[in-house]
Amino acid sequence: MASSPPAWLDPLPDAAGLRATDAWAIGTVGIPGIALMETAGALLADAVVEVAPQGPVAIVCGAGNNGGDGYVVARLLRQAGRRVRVVSTVPDERLKGDAALARDAFGGPADPWSAAALDDAAVIVDAILGTGASGAPRGVAAEAIAGIAAAADRGIPVVACDVPSGVDATTGEVAGVAVPATATVTFHAATSGLWIAPGKDHVGRLRIVDIGIPRRVRDLLPVPSTGLLSAAVVDALPRRRTDGTKFRSGHVLIVGGAPGMTGAPCLTARGAMRAGAGYATLAVPAGVESTVAARAPVETLTLALPAADDGAVAATAADVVLERLRTRRATLVVGPGLSRGPERDRLLRALIAGHDGALVVDADGLAALAGDPEALRARTASATRPTVITPHAGEMARLLGVELEAVGEHRLATVRDAARRTGAVVVLKGDDTLIAAPDGRVAISPGGAPGLATAGTGDVLAGVVGALLARDVEPFTAASAAVWLHLRAGLRAAEQHGVEGTVAGDVAEAVAIVRRDHDRSAAVALDRAPARDGG
Ligand SMILES: NC(=O)C1=CN([C@@H]2O[C@H](COP(=O)(O)OP(=O)(O)OC[C@H]3O[C@@H](n4cnc5c(N)ncnc54)[C@H](O)[C@@H]3O)[C@@H](O)[C@H]2O)[C@@H](O)CC1
Ligand SMILES: Nc1ncnc2c1ncn2[C@@H]1O[C@H](COP(=O)(O)OP(=O)(O)O)[C@@H](O)[C@H]1O
Ligand SMILES: [K+]
């Protein structure tokens, strides 16, 4: 059972949680369901008018209350003088309860689904499936979703009611076809699936509207285990004290680098130093040490490791690294530019077994665990060995021994599975990034910083995670804060250099600026806070 998410996670309900919320509002508070539906439909109608101020409106209604919302929109827009055409994916007699009331108030006519109904539409309303959908769209609903997608391809804007039909409101999975919405109007709260790819890419502009469900429901229902990462995560990080020393600021030891791959560990060191590490050591194969020393931030140390025949780190280097870790406590970051092969597999297993402190495994380090995520369990069983792994989708697929497509299609389930099997905090990178704790909690970073889609930004992120772990930040918080700072840094760097011109080094520098600005505004907020009694 997952424990409660921390305060810096804005809880995101799943579909069942949202249905429970509706049921509570109707059953306990006593708000008639049709009243909620009227409000939902009115707010949806506003969005339709914004997207298309004039012209015919085609409304496609399904079997449940999502369809009911559609009938409310149809009635209101017709009253406002718009030409409205309603088509339904089910025979009229299938409608029940509030949806039937809404259909009766509309009065009709509602024709059976036909793609031709969309032909002259200025805008389409997708009211086919909502939070009550299960599995891939079937039958006429599937046909209608495909028809809306084809119309969207021809340039007709689509406003989705609550969730784009075909997107799983909880997981963001798209099992078959899904509506590509121009805008989605969602009621009371956005479910987790609206933030996770591939569903997230169907949402368009997201508007969350209040339909009159009292906010106190948040305190009454079980807290969801999934949440949206908020800026408050940075408040959870320690700050350097005025009497701090470089040792107290944390030491990050990076094992990586190989011939032809000397930049990656240097970027990790930059990320670590800009995120507040007191010092960083770059442990790299002897043959590239001088190159790395020349490219690394001048503030860092280097440590030459025994090299294998291919010039990359040898398995025997584990002894050298562990010896250094015995004399100088550090968070170990393994993987950036490490290169792959049996020597690295043995190296990694020796480091996993021998290192008693915090560990980040990234990039090629993860390749050494391919198909064997349980290899981390022996160390993660001990709370004194916080472990964070930072795979992108390809690395995740190799780690779990599944197809790349499966990772992309089931991001939420995959990251949870990886966290459970490894016992580590898992950061599944991508546009949206998911951070999972072994107890089932998931933090979602919504992405939207394409400047980050460039070589080396992942190396920077590993360094930021390492720096925060080196300050003894609890691993779920450290990984989440690192992802938040990194995303903001990506946006910040793109402001300066443009999305196309941003490089990973810019992102490392921007991590410092983002943190500075956050801490400044937090300090201002503190200054402004009213004095407490006696204080
Ligand atoms: N009274 C309420 O509870 C409120 C509900 N609201 C709306 O109601 C929606 C939820 O209503 P429902 O619970 O009726 O659920 P849906 O409107 O999502 O409809 C579910 C029905 O669709 C069919 N269906 C399910 N999965 C399918 C699939 N894969 N392929 C084809 N058909 C499928 C089934 O007949 C199922 O009963 C919300 O998304 C929201 O739009 C809002 O009006 C606010 C108030
Ligand atoms: N659209 C995107 N595609 C890929 N990565 C993205 C995207 N947007 C942001 N990112 C972020 O950029 C980083 C890329 O890391 P990674 O794939 O490991 O690259 P590298 O190995 O070159 O450093 C991750 O933190 C990821 O979340
Ligand atoms: K819908």
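Residues numbered from 1 in each chain as written. Chains lettered and ligands numbered in written order. Predicted model: local features only at pLDDT ≥ 70, side-chain atom pairs only at ≥ 80, totals over all residues.

(A) Just the nonpolar core, in detail. Counting 178 residues, the largest nonpolar core has Val-60 and Val-159 as the members making the most contacts within it. For this core, the element with the most residues is helix H17 (residues 475–497), which contributes twelve residues. Looking at which domains feed residues into this core, each of domain 1 (9–225) and domain 2 (245–524) supplies at least three. (Core = buried A, V, L, I, M, F, W, Y, C linked by C-beta atoms within 7 Å. Buried ≥ 20, exposed ≤ 12 C-beta atoms within 10 Å, placed from the backbone. Helix = DSSP H or I, 4+ residues; strand = E, 2+ residues; numbered from the N terminus. Domains from an automatic or database assignment.)

(B) Geometry of the UniProt feature "binding site: K(+)" (unreviewed entry) in the chain. Mapped onto this numbering, the UniProt entry gives "binding site: K(+)" (unreviewed entry) at Asn-66, Asp-126 and Ser-165. Judged by maximum C-alpha separation, these annotated positions cover 100 residues in sequence but sit close together in space, the widest gap being only 9.6 Å. Counting through the fold element by element, Asn-66 comes out in helix H3 (residues 65–79). Residue position: Ser-165 is located in the loop between strand E6 (158–161) and strand E7 (183–187). Beyond its immediate stretch of four places on either side in the chain, Ser-165 contacts Asp-126, Ile-128, Leu-129, Pro-137, Ile-145, Ala-160, Ala-178 and Val-179. (UniProt positions renumbered as here; feature names shortened; annotations may be inferred. Contact = placed C-beta atoms within 7 Å.)

(C) Main features of the pairing of E7. For E7, the buried fraction is high: five of the five residues fall into the buried class. Because side chains alternate across E7, one face comprises the buried residues Ala-183, Val-185 and Phe-187, and the other comprises Thr-184 and Thr-186, equally buried. Two strands pair when backbone bridges link them, and E6 and E7 are joined in this way by three bridges, in the parallel orientation. Paired with Val-159 across the bridge in E7 is Ala-183. Summarising the sheet, E7 and strand E8 (residues 205–209) pair through five bridges and their orientation is parallel. Of the residues in E8, the one forming a bridge with Thr-186 is Ile-208. (Pairing = 2+ DSSP bridges.)

(D) View of the site of ligand 1. Around ligand 1 sit 30 residues, and of these Gly-64, Asn-65, Asn-66, Gly-130 and Gly-132 come closest. If one sorts the elements of the shell around ligand 1 by residue count, H3 sits on top with five residues. Looking at the shell around ligand 1 residue by residue, the class counts come to twelve nonpolar, 13 polar and five charged. (Near = placed C-beta within 6 Å. Nonpolar A, V, L, I, M, F, W, Y, C, P; charged D, E, K, R; others polar.)

(E) How the structure looks around H3. The terminal C-alpha atoms of H3 lie 21 Å apart, and with 15 residues this matches the ideal 21 Å at 1.5 Å per residue to within 8%. A large share of H3 lies buried, amounting to 13 of its 15 residues. Positive backbone phi, at 95 degrees, marks Gly-81, one or two positions downstream of H3. (Expected span 1.5 Å × (residues − 1).)

(F) How the structure looks around the sheet that holds E6. In spatial order, the strands read E4-E3-E2-E5-E6-E7-E8; together these seven strands make up an open sheet with parallel pairing. A single partner strand is all that each edge strand has here, and the edge strands are strand E4 (110–112) and E8. For this sheet, the mean angle separating the axes of adjacent strands, direction not counted, is 25 degrees. Across three bridges, strand E5 (residues 123–127) lies against E6 in parallel orientation. Considered in E6, the bridge of Asp-126 is made with Ala-160. Each of strand E2 (57–61), strand E3 (84–88), E5 and E6 is contacted by H3, which is oriented at about 155 degrees to E2, the strand it contacts most. (Axes fitted to C-alpha atoms, helices over the stretch in contact; angles between N-to-C directions.)

(G) Summary view of the pairing of strand E10 (residues 251–255). Taking burial as the measure, the five residues of E10 include five buried ones, the bulk of the element. By the alternation rule, side chains of E10 split into His-251, Leu-253 and Val-255 and Val-252 and Ile-254, which are all buried. Alignment of E10 against strand E11 (residues 279–285), held across five bridges, turns out to be parallel. If you follow Val-252 over to E11, its bridge partner there is Ala-280. Regarding topology, helix H7 (residues 263–274) serves as the crossover connection from E10 to the parallel E11, and that connection is right-handed. Note: E10 against strand E13 (residues 331–334), four bridges, orientation parallel. If you follow Ile-254 over to E13, its bridge partner there is Val-333. (Right-handed = clockwise from strand over helix to strand, strands pointing away.)

(H) Seen up close, the UniProt feature "domain: YjeF N-terminal" (unreviewed entry) in the chain. Taking the numbering used here, the UniProt-annotated feature "domain: YjeF N-terminal" (unreviewed entry) corresponds to residues 18–219. Helix makes up 37% of residues 18–219 and strand 16%. Its end C-alpha atoms lie 14 Å apart.

(I) Region of the structure containing unusual backbone geometry. Residue Gly-108 is joined to Pro-109 through a cis peptide bond whose omega torsion reads 0 degrees. Looking at the element boundaries, Pro-109 is found in the loop between helix H4 (97–106) and E4. Even without being glycine, Ser-339 reaches a positive phi, approximately 75 degrees. For Ala-363, which is not glycine, the phi dihedral falls at a positive 50 degrees. Here Ala-363 lies in helix H11 (residues 363–367). The class for Ala-363 is buried, based on 26 C-beta atoms found within 10 Å.

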